[in-house]
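# Structural characterization, general
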2 protein chains.
Amino acid sequence: MGSIMKMEAALLALPLVVSILYRENTFLSFLIPMVLLFGFGFFLTRKKLTNQAIYAKEGLVLVGISWIVISLFGSLPFIISGEIPHVVDAFFETVSGFTTTGASILMNVETMTKGMLFWRSLTHWIGGMGVLVFVLALMPQTNGRSIYVLKAESPGPQVGKLTSKVRHTARILYGIYIALTITQIILLAFKIPLFDSIVHSFATAGTGGFSILNQSVGGYNSVYVEVVVTVFMLLFGTNFTLFYFILIGDIKKVFKNEEFKWYVGIVVVAVVLVTINLIHIYGNIAESLRYSSFQVASIITTTGFATVDFNTWPSFSKIILVSLMFVGASAGSTGGGMKVSRIILYVKSLFKEIRYSIRPREISTVKFNHKAVEPVIMEGLIGYLIAYIAIIVVGVLILSIEDHDLVTNFTAIIATFNNVGPGLNIVGPVGNYAVFSNLSKITLSIVMLAGRLEIFPILILFSPFTWKKN
Amino acid sequence: MGSIMKMEAALLALPLVVSILYRENTFLSFLIPMVLLFGFGFFLTRKKLTNQAIYAKEGLVLVGISWIVISLFGSLPFIISGEIPHVVDAFFETVSGFTTTGASILMNVETMTKGMLFWRSLTHWIGGMGVLVFVLALMPQTNGRSIYVLKAESPGPQVGKLTSKVRHTARILYGIYIALTITQIILLAFKIPLFDSIVHSFATAGTGGFSILNQSVGGYNSVYVEVVVTVFMLLFGTNFTLFYFILIGDIKKVFKNEEFKWYVGIVVVAVVLVTINLIHIYGNIAESLRYSSFQVASIITTTGFATVDFNTWPSFSKIILVSLMFVGASAGSTGGGMKVSRIILYVKSLFKEIRYSIRPREISTVKFNHKAVEPVIMEGLIGYLIAYIAIIVVGVLILSIEDHDLVTNFTAIIATFNNVGPGLNIVGPVGNYAVFSNLSKITLSIVMLAGRLEIFPILILFSPFTWKKN
């Protein structure tokens with residue numbers, strides 16, 4: 001925990017530098033939280049632990065608490081500078097950043113200082129790959145138990161170590177992440193200012209979606225920018241293990257990967273359906289394809305950039321986008337949602353169940369990537385699905401205390417829980433989350449954290465069972 | 001199958017008699033389908049079967065096909081009389097009747113003849129307890145395998161035989177069903193005409209919801225009628241096994257029954273929440289309680305009667321009603337939805353999963369009514385949940401090809417799939433399903449059948465795997 005706080009203090013130096021470069025008077029807004037974080041961090045890391053072991057429970061609790069703590073400290077620059085004066089709003093925006101949701105309470109981002117905008121986008125980049133994974137990658141030594149931290153923070157039903165050491169795995173992942181981000185920054189810089197290029201690349205890399213334009217990526221009105229962003233959104237929504245396979249020259253494994261095939265398949269089918277549905281609106285296939293491919297990529301990867309107000313699209317396209325919010329990106333990517341691999345496993349269990357009801361005596365197992373899925377993984381999937389539904393029901397119920405329309409309430413929960421960002425109606429691409437009450441904003445913040453951390457680290461914090469002595 | 005067709009022919013005699021009593025010229029509209037059904041039925045029952053055994057697969061397929069066949073023949077009176085001239089509309093209305101959904105495509109029911117109204121409500125009564133269970137109860141002899149038919153048609157995750165013989169179980173269930181229906185008819189007849197009393201009792205007993213007034217039960221504007229209907233909706237939404245326990249004097253078992261306690265608890269909590277939410281609309285607690293208790297009972301039991309247009313209620317109350325549509329009534333009742341017992345088991349598995357993630361080495365099992373739930377039942381629950389979600393997604397997607405609003409599309413699927421009837425917006429309590437295209441109406445009909453038969457009998461009809469030779 002101490003290491004995490006020191007790490008955040010170090011990261012705050014980056015927007016501080018930006019603010020100095022642009023001669024903005026937000027120097028203290030970054031320095032104060034830095035000093036606080038470093039102070040607490042120093043104090044905590046000096047304390048000798050009586051028991052160093054991290055098991056499943058400690059891993060989950062550590063991850064849950066860490067994310068809340070870094071969000072609280074991360075919101076201080078916004079509060080101190082007065083650019084987001086309200087505490088709940090600042091917390092919401094920071095959680096939205098770290099969880100790579102990209103839901104905003106800001107009516108007008110274009111009036112903010114560069115330093116703040118940089119910090120806001122940087123939270124996406126840090127949160128995308130994982131705050132604790134970052135710490136693991138930097139730590140000089142980690143013990144074998146730290147796999148529990150990686151497991152608790154990494155998206156997807158199964159976490160494999162790429163190499164025998166957790167720290168090596170974390171470093172390889174971050175290496176790939178940094179390389180891809182730099183490539184995107186360079187490609188975008190051909191067309192838009194370097195600052196814009198950096199912050200939009202951060203938001204793409206983390207599949208976050210914060211933009212520095214009120215009209216999001218649509219504000220550049222450039223096909224080149226849209227194509228680059230679309231391609232990189234899809235790349236960051238891919239399982240990073242596949243990039244590792246390419247690095248070590250095992251390209252065959254990429255095309256044999258079942259999740260990758262489904263991921264590509266779902267994107268293609270969704271783009272085709274939405275394009276056809278939109279032809280009568282945009283008049284021709286080219287325009288229609290341009291908007292549909294960007295939006296489909298943005299939603300399935302749970303980035304949440306927009307080039308158009310899809311709230312005005314026909315119902316069919318909207319339903320497809322809402323469905324994609326649930327699906328989400330690949331496991332082991334920076335994207336949110338249920339993850340394509342889970343969807344595959346759910347569909348396969350359904351077919352297994354149909355076969356079972358016809359021939360109860362035949363034994364069949366669910367296979368994934370040509371291997372039988374262990375029963376403990378299947379059980380975890382079920383627990384996840386039930387918890388997933390429970391959070392949506394409770395979330396929508398709390399939100400509906402305010403009397404907004406049902407589509408707003410429902411898609412606000414869906415879009416934050418799956419870390420997408422924009423929903424429909426009031427929270428659509430041209431709207432924002434400012435209208436909600438404090439209760440709703442706190443609820444949505446918890447829902448974003450639950451979504452990013454795949455529910456259990458957050459659920460466990462609220463469970464009295466966790467805090468009982470063994 | 002032959003027996004089922006002969007049974008439907010016999011049942012059509014009832015509306016025929018009604019039409020004669022009221023001197024209506026719909027004589028042939030009932031006689032022609034009767035002759036057809038009896039003819040086919042006679043032909044089929046004469047055929048000697050080479051293999052009499054009914055296993056799981058045969059049970060499911062028989063139930064699926066039977067329901068489609070009786071709905072097709074059951075729609076003939078509406079078509080022949082011209083009172084519902086369009087084939088798809090008549091099929092929709094009949095499926096809605098047999099599945100006890102109560103969704104209607106009729107703009108004005110009050111202009112229909114008594115005979116047709118009687119038949120429409122009778123389909124609720126027959127469908128409520130189960131068409132095949134009815135045949136089983138009447139058949140002179142059944143073999144041990146007929147439990148598969150009972151299992152395939154009866155709602156809920158577990159089907160227990162009350163006595164050692166399936167036929168006896170079916171007869172006891174129908175005995176209780178008839179006794180309760182007659183009691184309600186008598187109680188209602190104190191206040192409204194006998195005909196009205198009979199058809200509304202049919203609709204209550206089956207938890208269907210067809211009314212013969214355009215304003216549904218609200219049209220009587222009588223607190224007495226509303227209270228009687230509310231009480232009986234809740235009774236018909238109770239597991240019939242509990243009535244059997246009362247009959248044999250084992251009342252303790254009723255109050256020990258876990259599903260019953262939750263069922264009562266959910267109703268009470270929902271009524272209290274909705275009542276509080278409505279006070280500012282109706283001005284006082286009494287009015288607010290009157291409308292909320294009727295509507296909560298109507299929705300959780302999936303009856304679908306209305307005394308007020310809850311579409312105009314605040315979001316919070318609407319979300320509670322929509323949530324109750326998913327919950328549904330008790331297993332082993334005539335109601336639809338997921339069933340309270342499934343919800344209990346899902347919630348319990350969630351807690352089990354939370355405990356597991358904290359202490360992976362502790363072994364825990366899910367208990368229901370103080371007994372450990374078998375793994376095969378738990379697996380079935382998961383299959384059901386995934387299939388349930390899949391049908392909603394596909395259904396909403398097909399419906400959204402027509403460009404109605406999202407709330408209409410979503411609640412139309414939810415309200416038909418859970419056999420409730422009214423949804424929100426266009427398909428709200430004062431609206432109806434006439435606006436939809438033929439494709440949507442057929443989709444909704446299949447969804448109603450899938451909901452009533454708990455998905456698998458219908459899913460299996462569409463699975464190529466079923467039709468392969470062993």
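These notes cover the structure that comes with them. (Residues numbered from 1 in each chain as written. Chains lettered and ligands numbered in written order. Predicted model: local features only at pLDDT ≥ 70, side-chain atom pairs only at ≥ 80, totals over all residues. Heavy atoms only, no water.)

### Observations concerning the overall build of chain A
Looking only at helices and strands, chain A features 21 helices and 2 strands. Taking 470 residues into account, the globule formula puts the C-alpha radius of gyration at 23 Å, and chain A, at 22 Å, falls close to it. The 470 residues of chain A split such that 61% are buried. Sequence-distant contacts in chain A: of pairs separated by 6 or more residues, those separated by 24 or more amount to 71%. Taken as a whole, chain A presents about 18,700 Å² of accessible surface, with 67% of it coming from carbon and sulfur. Put simply, chain A has 34 plus and 23 minus side-chain charges, and the middle of one group is 13 Å from the middle of the other. (Helix = DSSP H or I, 4+ residues; strand = E, 2+ residues; numbered from the N terminus. Rg over C-alpha atoms; globule rule 2.2 N^0.38 Å. Buried < 20%, exposed > 50% of the residue type's maximum accessible area, 1.4 Å probe, protein only. Contact = heavy atoms within 4.5 Å. Areas by Shrake-Rupley, 256 points an atom, 1.4 Å probe, with all protein chains shown as cover. Lys, Arg positive; Asp, Glu negative; His and termini not counted. Charge placed at Lys NZ, Arg CZ, Asp CG, Glu CD.)

### Topic: the packing of aromatic side chains
Within the structure shown, the criterion is met by 47 aromatic pairs over all chains. Ring centres of B:Phe98 and B:Trp119 lie 6.2 Å apart, and the angle between their planes is 80 degrees; this geometry places the pair in the edge-to-face category. Of this pair, B:Phe98 sits in helix α5 (residues 87-98) while B:Trp119 sits in helix α6 (residues 114-129); the two residues are 21 residues apart in sequence, bridging distant segments of the chain. For the pair B:Phe98 and B:Trp119, a shared accessibility class is recorded, and that class is buried. Aromatic pair B:Tyr433 and B:Phe436: ring centres 6.0 Å apart, planes at 35 degrees, arrangement tilted. Residues B:Tyr433 and B:Phe436 agree in their burial class; the two are buried. Among the aromatic side chains, those forming a connected cluster through ring pairs are A:Tyr22, A:Phe118, A:Trp125, A:Tyr174, A:Tyr177, A:Phe195, A:Phe202, A:Phe232, A:Phe236, A:Phe240 and A:Phe243. (Phe/Tyr/Trp six-rings, centres within 6.5 Å; stacked < 30°, edge-to-face > 60°.)

### Some remarks on the relation of the copies chain A and chain B
For the pair chain A and chain B, the relating rotation is 180 degrees, the translation along its axis is 0.0 Å, and the fit reaches an RMSD of 0.0 Å. The two molecules are tied by a two-fold rotation axis, judged by turn and shift. By residue overlap, the copies meet face to face through one surface: 100% of the interface positions of chain A are interface positions in chain B. (Least-squares fit on C-alpha atoms with pLDDT ≥ 70 in both.)

### Observations concerning the interface of chain A and chain B
The interface of chain A with chain B comprises 55 residues on the first partner and 55 residues on the second. Here chain A and chain B share an interface that buries about 4,400 Å² over both sides, 76% of which is from carbon and sulfur atoms. Where chain A packs against chain B, one counts 6 residue pairs in polar contact (both at pLDDT 80 or more). For the side of chain A that touches chain B, the leading source of residues is helix α18 (residues 375-399) of chain A, giving 13 residues. Of the residues in the side of chain A that touches chain B, the class split is 30 nonpolar, 12 polar and 13 charged. (Buried area = accessible area lost by both parts, 1.4 Å probe. Polar contact = N/O pair within 3.5 Å; in protein donor to acceptor, adjacent residues only side chain to side chain. Nonpolar A, V, L, I, M, F, W, Y, C, P; charged D, E, K, R; others polar.)

### A short note on the packing of helix α14 (residues 258-282) of chain A against helix α17 (residues 340-358) of chain A
All names here are of chain A. Running from N to C, α14 and α17 cross one another at 95 degrees; their axes reach a closest spacing of 9 Å. With respect to α17, the axis of α14 lies roughly perpendicular. Side by side, α14 and α17 meet where Glu-258, Glu-259, Trp-262, Tyr-263 and Ile-266 of the first sit next to Val-340, Ser-341, Ile-344, Val-347 and Lys-348 of the second. Split into classes, the residues belonging to the contact of α14 with α17 amount to 6 nonpolar, 1 polar and 3 charged. (Axes fitted to C-alpha atoms, helices over the stretch in contact; angles between N-to-C directions. Parallel < 35°, antiparallel > 145°, perpendicular 65-115°, else oblique.)

### Concerning unusual backbone geometry
Residues and elements named next belong to chain A. Of note, the phi angle at Thr-302 is positive, near 60 degrees, even though the residue is not glycine. With respect to the helices and strands, Thr-302 occurs in the loop between α15 (285-300) and α16 (315-327). A residue is classified by how much of its surface remains accessible, and Thr-302, at 0% relative accessible area, is buried. Unlike most non-glycine residues, His-370 shows phi in positive territory, near 65 degrees. Tracing the sequence through the fold places His-370 in the loop between β1 (367-368) and β2 (371-372).

### What about the pattern of salt bridges?
Residues and elements named next belong to chain A. The tally for this structure, following the rule as stated, stands at 14 salt bridges over all chains. Note that Arg-290 is salt-bridged to Glu-287, the shortest N-O span being 3.7 Å. Highlighted residues: Arg-290 and Glu-287, both in helix α15, separated by 3 residues, approximately one helical turn. The class for Arg-290 is buried, based on a relative accessible area of 18%. Note on Glu-287: relative accessible area 28%, which makes it partly exposed. Linking Glu-454 and Arg-342 is a salt bridge whose minimum nitrogen-to-oxygen distance equals 2.7 Å. One end of the pair, Glu-454, is in the loop between α20 (438-452) and α21 (456-461); the other, Arg-342, is in helix α17, and 112 residues separate them in sequence. (Salt bridge = Lys/Arg side-chain N within 4 Å of Asp/Glu carboxyl O.)

### Concerning α20(A)
Relative to the 21 Å expected for 15 residues at 1.5 Å per residue, α20(A) spans 21 Å between its end C-alpha atoms, a close match to the ideal helical length. A positive phi of about 55 degrees marks A:Glu454, the residue just after α20(A). (Expected span 1.5 Å × (residues − 1).)

### Side note on the packing of helix α3 (residues 56-74) of chain A against helix α5 (residues 87-98) of chain A
All names here are of chain A. At a minimum axis distance of 8 Å, the contact between α3 and α5 shows a crossing angle of 125 degrees. In terms of their interaxial angle, α3 and α5 are classed as oblique. Two packed elements cross with a definite hand, and for α3 against α5 that hand is right-handed. The residues of α5 that touch α3, namely those facing Trp-67, Ile-68, Ile-70, Ser-71, Leu-72 and Gly-74, are Phe-91, Thr-94, Val-95 and Phe-98. (Left-handed = near helix turned anticlockwise from the far one by under 90°.)

### Let's talk about a nonpolar patch on the surface
On the surface, a nonpolar cluster with roughly 610 Å² of combined accessible area is contributed by A:Ile20, A:Phe27, A:Leu28, A:Ile32, A:Leu36, A:Phe40 and A:Ile80. Looking at where A:Phe40 falls in the secondary structure, it is placed in helix α2 (residues 27-46). (Patch = residues over 30% accessible without salt bridge, like charges linked within 9 Å, V, L, I, M, F, W, Y side chains within 5 Å.)

In short, the description is geometric, and any link to function would need to be established separately.
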